Amino acid sequence: ALRRVLDVRLRQSLRDERGDVYGVGIGQQFNLHPVETLIWNLKFSCDPQKIDELSKLALDHLANIAESTSTADELENVKRQMLKDYEVKLRENRMWVSHLTKLHQRGEDPRIILDRPQIIDRLSPEALSMVAEKYINLNHRLEMKLLPQK
């Protein structure tokens, strides 16, 4: 849910309000081994002359997400989309294989897949804030910029 809230905020800020990016998105990858980590991947395409300004703005969004918790409306929209995605993916073999594999690797009960609607329903701005505080640390980051050849 936190990734989706960040995705919406970045899209609104960088693309909709400023019109400075062609596209923006944030992804995440959760690893348990060798250490529990959450890797964030922020991407956007823009005019090369604006890359530093927009990078700072995007990093500010990440840095402040724990303090500026999502609004109730923002979170309700994200939860609605998550439930809709869940209902669609329930019909896909790929989702089942992926989730069952991950749960087996973690030693977790596979029935948790069916509890997802209740888990989504319990999401709160406070819970997202706690996750942000735990997993967003901008002191441990790698920035890469792909620029056109001159």
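Scroll up for the structure.
Structure report, in brief. Keep in mind the model is a prediction, meaning the values are calculated, not measured.

## Examining the layout of surface pockets
If you roll a probe as big as a water molecule over the atoms, it shows you where there is empty space left. Approximately 1700 Å³ is the volume found for the largest pocket. Together, 36 residues line the largest pocket, and Gln28, Phe30, His99, Arg106 and Arg116 are the ones closest to its centre. Here the element with the most residues in the lining of the largest pocket is helix 4 (residues 93-106); it accounts for eight residues. Partitioning the lining of the largest pocket into residue classes produces 19 nonpolar, seven polar and ten charged. Of the voids in this model, the second largest pocket is the one considered here, and its volume is about 920 Å³. Around the second largest pocket, the lining is made up of 32 residues, and of these Asn41, Leu42, Leu142, Glu143 and Met144 lie nearest the centre. Of all elements in the fold, only strand 2 (37-46), helix 2 (51-64) and helix 6 (125-135) reach the threshold of two or more residues within the lining of the second largest pocket.

## Quick word on helix 6
Since the α-helix packs 3.6 residues into each turn, any two residues three or four apart lie on the same face. Among all positions of helix 6, only Pro125, Leu128, Ser129, Ala132 and Tyr135 are buried. Projected down its long axis, helix 6 shows its buried positions confined to an angular sector of 150 degrees, all on one face. Exposed residues lying more than 90 degrees from the buried face of helix 6 are Glu126, Met130, Glu133 and Lys134. Looking at the buried side of helix 6, the elements it contacts are helix 1 (2-17), strand 1 (21-31), strand 2 and helix 3 (72-89).

Scoring rules and cut-offs
- Residues numbered from 1 in each chain as written.
- Predicted model: local features only at pLDDT ≥ 70, side-chain atom pairs only at ≥ 80, totals over all residues.
- Heavy atoms only, no water.
- 1 Å grid on protein atoms, 1.4 Å probe; cavity = no way out; pocket = protein on both sides within 12 Å on 5 of 7 lines; lining within 4 Å.
- Points joined across faces, edges and corners; volume = space filled by probe spheres on them.
- Helix = DSSP H or I, 4+ residues; strand = E, 2+ residues; numbered from the N terminus.
- Nonpolar A, V, L, I, M, F, W, Y, C, P; charged D, E, K, R; others polar.
- Buried < 20%, exposed > 50% of the residue type's maximum accessible area, 1.4 Å probe, protein only.
- Arc of directions from axis to C-beta.
- Contact = heavy atoms within 4.5 Å.

Functional significance is not addressed by these values, which are geometric in nature.
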